[in-house]
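# Reading the structure
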Amino acid sequence: MKLFKYIILMLMAAFLVTSCNEGIDPISKVDPGVDETAPQITVKSPKAGLEVKSEEEIDTLIIQFVVTDDIEIGSITVSLDQTEIASYNEFLDYRRYVGEIIYDQLKVGDHVLTFKASDLEGKNTSFDVHFSKTSAYMAYVPKYNGEIFYMPFDGDYREFNSGSKATVVGTPEFAGESLLGDDAYKGATDSYLSYPASSLTGNEFSAAMWIKPNAMPDRAGILTVGPEDTANPGAENIRTSGFRFFREGSATEQRYKLNVGTGDAETWNDGGVIDPSKNEWVHLAFTISDTKCTIYINGIMQMESDLANPISWADCNDLSIMSGAPHFSGWSHLSDLSYLDELRLFNKVLTMDEIQSMIADESGIVVVNETKFDGEIFYLPFDGDLSDKDGDKVVTMLGTASFAGEGYLGGNAYRGATDAYLEVSSDGLLNKEMSATFWYKPNAVPERAGILTSGPEDTDNPGAENLRTSGFRFFREGSATEQRFKLNVGTGDAETWNDGGVIDPSLNEWVHLAFTISTTKCVIYINGELALEADMAAEMSAAGCSTLSIMSGAPHFTGWDHLSDLSDMDELRFYNKVLSKEEIQAVMNAK
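First things first, this report covers the structure right here in the doc. (Residues numbered from 1 in each chain as written. Predicted model: local features only at pLDDT ≥ 70, side-chain atom pairs only at ≥ 80, totals over all residues. Heavy atoms only, no water.)

### Comments concerning the overall build of the chain
Using the following cut-off: In this text, helices come from DSSP runs of H or I with a minimum length of four residues, and strands from runs of E with a minimum of two, each type numbered from the N-terminal end. Residue exposure (1.4 Å probe, protein chains only): buried if accessible area is under 20% of the type maximum, exposed if over 50%, otherwise partly exposed. Two residues form a contact once any of their heavy atoms are found within 4.5 Å. Throughout, the Shrake-Rupley method with a 1.4 Å probe supplies accessible areas, and for residues the shown protein chains are the sole cover considered.
The helix and strand tally for the chain stands at 3 helices and 38 strands. With respect to the principal axes defined by its C-alpha atoms, the chain has extents near 110 × 70 × 55 Å. Across the 591 residues that make up the chain, the buried fraction comes to 51%. In the chain, once contacts between residues fewer than 6 apart in sequence are set aside, the share between residues at least 24 apart is 67%. Surface exposure of the chain reaches about 26500 Å², of which carbon and sulfur atoms provide 50%.

Here it is as structure tokens:
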């Protein structure tokens, strides 16, 4: 009977082996090849020449390194000042090892960190990193007016005004490069820095930083402060206090946004966009005052939003750096894998001049914005291209217009052509308070044309569209010796007309044109003087308006033949405020 049982068990084992191997290719030995090179050592942290500044006599050093070999790593040792502090001889990935050491006995003085690696053939590599630790923490003197927080990320996560270190969550790294100084922060999945928000209590606040963006993931938190959402643990998103500075978009367009909690409400600012595929350092800044919040990219204001009340700091205990976690995770604005450098916070509202001076001081880059004016958000100088000098708006030419040989300020200007015009997204350009200014040399043929138009599609009248209940239409009509410039504004259920004023196109002179739209009035100016003012029954509606047409009424204001304008245009600017007469004259007189 026992013999029979053993036979049955053997047959079952054979069956199981056969079943397990069914459909699986047999394992065959692969020749690893010839071991040709010694191991390669890459040290991510500390960076050569690093000076660790600390108030402690004994400090902690974060050591990060990578060892690779063409065949197989044999052993790795790490020594500090000829004393071994770590060794490795077993590796899951035998061709690549990523190491991190938290060394908490770093003393004052000059140091040499030595990495040695050997492969199985006995080929060796050695790599030294020289750095130092100062004898005592040197009290940092704030560099800029109002600065209350400065983190340069030069080998550690210390805030220099207080001398204290941020709490590290997860496993962030150092970039091995920087905009300024020795190193920069490099984000990692499920990782960020946390710092007490106790100093963030005033109604005025600003932040400035350098970012080299990584568009993966396609959205992330950058600087976030908010209250705990006890009702939604793991998906927190209370926005009635604190602020959230974050990004979202694609591999070629990331939009940087700001949300501010004001107690019972919140304010949104959709900021501006950058192209992360350029792999360039970008300066980002935002300011919060009693009444407004503003975002700047590379020293240029992108958007300004009104605050109904000052920012609330209720129940805001911690600042998260490079993540929306833990209190802004409801929309997956989690860890940012980008590089971050030179993070500064202020207890005041920075001006654009102060931000541009900071950029020049930290990078040597002088921001050239062709005399930017308060509230300006879009600028086309037409100097041989169609680039927006105030941001990254893409301007597309439809048809075959060209550039005039000489613009008002020299360089070039846009010259219209039949069935040709420019098109740009109207996102951010149509505001309840807005203005536009430009120089214009008229061509009275044809006798009527659209100049700046943005409106909804008229699906009932394709090819002859003329819906005027939203957006605006700035256009001209008249004769060879008298052209009248008019403005129509849609207010939802109605419209407002402004019949403006006239010029003589036969003079062949440059003319400065401007118009403003507020919640109560729309105004047209010619050569810096008020031509006509009209009352608005309600504020302008932007419903259904997705694009702005430049130098034509097409595609959505064609019903009265206000088509392409063959005139010249130069120095086109849009603003997110109502310009005064004096401001318009300042723009007109700028050289």
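### Digging into the pairing of strand 3 (residues 59-68)
In plain terms, the rule: Two strands qualify as a pair provided DSSP detects at least 2 bridges between them.
The buried count for strand 3 comes to 8 of 10 residues, which makes it a mostly enclosed element. Pairing between strand 1 (residues 40-45) and strand 3: 5 bridges, direction antiparallel. The residue bridging Ile41 from the neighbouring strand is Val67, located in strand 3. Taken together, the 9 bridges between strand 3 and strand 6 (residues 96-106) define a ladder with antiparallel strand orientation. Residue Val67 lies in a different strand from strand 6, and its bridge partner there is Tyr97.

### Looking at the sheet that holds strand 6
Spelled out, the test is: The axes used here are C-alpha line fits, helices contributing only the stretch in contact, and every angle between their N-to-C directions lies in the interval 0 to 180 degrees.
Strand order across the open sheet formed by 3 strands is 1-3-6, with antiparallel pairing between neighbours. What marks the edges here is a single partner per strand, and that holds for strand 1 and strand 6. The average angle at which neighbouring strand axes cross in this sheet is 25 degrees, direction not considered.

### What to know about the state of the cysteines
As a reminder of what qualifies: Whenever a pair of cysteine sulfur atoms sits within 2.5 Å, that pair is classed as a disulfide.
Enumeration over the complete set of coordinates arrives at 0 disulfides. Between Cys293, a free cysteine, and Cys316, which holds the nearest cysteine sulfur, the sulfur-to-sulfur gap is 15 Å. By relative accessible area, Cys293 is classed as buried at 0%. Not part of a disulfide, Cys522 finds its nearest cysteine sulfur in Cys545, a span of 15 Å.

### A few points about the pattern of salt bridges
Threshold: The rule for a salt bridge is simple: a side-chain nitrogen of Lys or Arg has to be within 4 Å of a carboxyl oxygen of Asp or Glu.
Applying the stated criterion across every chain yields a total of 32 salt bridges. Across the pair Lys186 and Glu173 runs a salt bridge, and its minimum N-O distance is 4.0 Å. Taken together, the positions of Lys186 in strand 12 (residues 185-186) and Glu173 in strand 11 (residues 173-174) put the pair 13 residues apart, joining distant regions of the chain. Take Lys186: its relative accessible area is 24%, and that puts it in the partly exposed class. For Glu173, a relative accessible area of 23% puts it in the partly exposed group. Each member of the salt-bridge network shares a partner with another, and the members are Asp59, Asp156, Arg158 and Lys165.

### Details of the environment of Asn488
Basically, it comes down to this: A 3.5 Å cut-off defines polar contacts: any pair of N or O atoms within that distance qualifies, except that in protein one atom must be a possible hydrogen donor and the other a possible acceptor, and neighbouring residues in sequence count only when both atoms are side-chain atoms.
Following the sequence through the fold, Asn488 ends up in strand 32 (residues 483-490). Asn488 sits in the buried class, given a relative accessible area of 0%. The spatial distance from the C-alpha of Asn488 to the C-alpha of Phe472 is 5.5 Å, given a sequence separation of 16 residues. Residue contacts for Asn488: discarding those within four places in its chain leaves Arg468, Gly471, Phe472, Arg473, Phe475, Glu495, Thr496 and Trp497. At 2.8 Å, the side chain of Asn488 and the side chain of Glu495 are in polar contact.

### Looking at the environment of Asp218
Mapped onto the fold, Asp218 is located in the loop between strand 14 (205-212) and strand 15 (219-225). Contact partners of Asp218, with chain neighbours within four places excluded, come to Arg247, Glu248, Gly249 and Gln254.

### Concerning empty space enclosed by the protein
What counts here: Cavities and pockets were defined on a 1 Å grid built over protein atoms only: a cavity is a set of grid points that admits a 1.4 Å probe from which the probe cannot escape, a pocket is an open set flanked by protein on both sides within 12 Å along at least five of seven lines, and lining residues are those with an atom within 4 Å of any such point. Grid points are joined across faces, edges and corners, and a volume is the space filled by probe spheres set on the points. Each residue is assigned to one of three groups, with Ala, Val, Leu, Ile, Met, Phe, Trp, Tyr, Cys and Pro labelled nonpolar, Asp, Glu, Lys and Arg labelled charged, and all others, Gly among them, labelled polar.
Under the criterion given, the structure shown has 3 cavities of 30 Å³ or more. Here the largest cavity defines a volume of roughly 60 Å³. Contributing to the lining of the largest cavity are Thr453, Ser454, Gly455, Leu467, Arg473, Thr547, Ser549, Gly553, Ala554, Pro555, His556 and Phe557. The set of elements that each furnish at least two residues to the lining of the largest cavity consists of strand 30 (448-454) and strand 37 (547-550). Taken together, the residues of the lining of the largest cavity break down into 4 nonpolar, 7 polar and 1 charged. The calculated volume of the second largest cavity comes to roughly 50 Å³. As for the second largest cavity, its lining consists of Thr224, Val225, Gly226, Asp318, Ser320, Gly324, Pro326, His327 and Phe328. Elements with a minimum of two residues in the lining of the second largest cavity: strand 15 and strand 22 (318-321).

### Remarks on the pairing of strand 16 (residues 243-249)
The side chains of a regular strand alternate between the sheet's two faces. Among the 7 residues in strand 16, 6 count as buried, and that is most of the element. In this structure, strand 15 lies alongside strand 16, joined through 6 bridges in antiparallel fashion. Note on strand 16: the bridge partner recorded for Thr224 is Arg244. Between strand 16 and strand 17 (residues 254-261), which follow one another and run antiparallel, lie 4 residues.

### Topic: the nonpolar core
Note on soluble globular proteins: their nonpolar side chains tend to be buried together. To keep it simple, the criterion reads: Remark: nonpolar core denotes a set of buried residues (Ala, Val, Leu, Ile, Met, Phe, Trp, Tyr, Cys) joined through side-chain atoms within 4.5 Å.
Judged by nonpolar contacts, the single largest core of 59 residues is most densely connected at Leu452, Phe472, Ile550 and Phe574. Residues in contact with Leu452, not counting those within four places in the same chain, are Ala436, Phe438, Phe472, Arg473, Phe474, Phe515, Ser549, Ile550, Met569, Leu572 and Phe574. Listed in part, the 42 residues of the second largest apolar core include Tyr195, Ala207, Val225 and Cys293.

As far as function goes, none of this settles anything; it's purely spatial.
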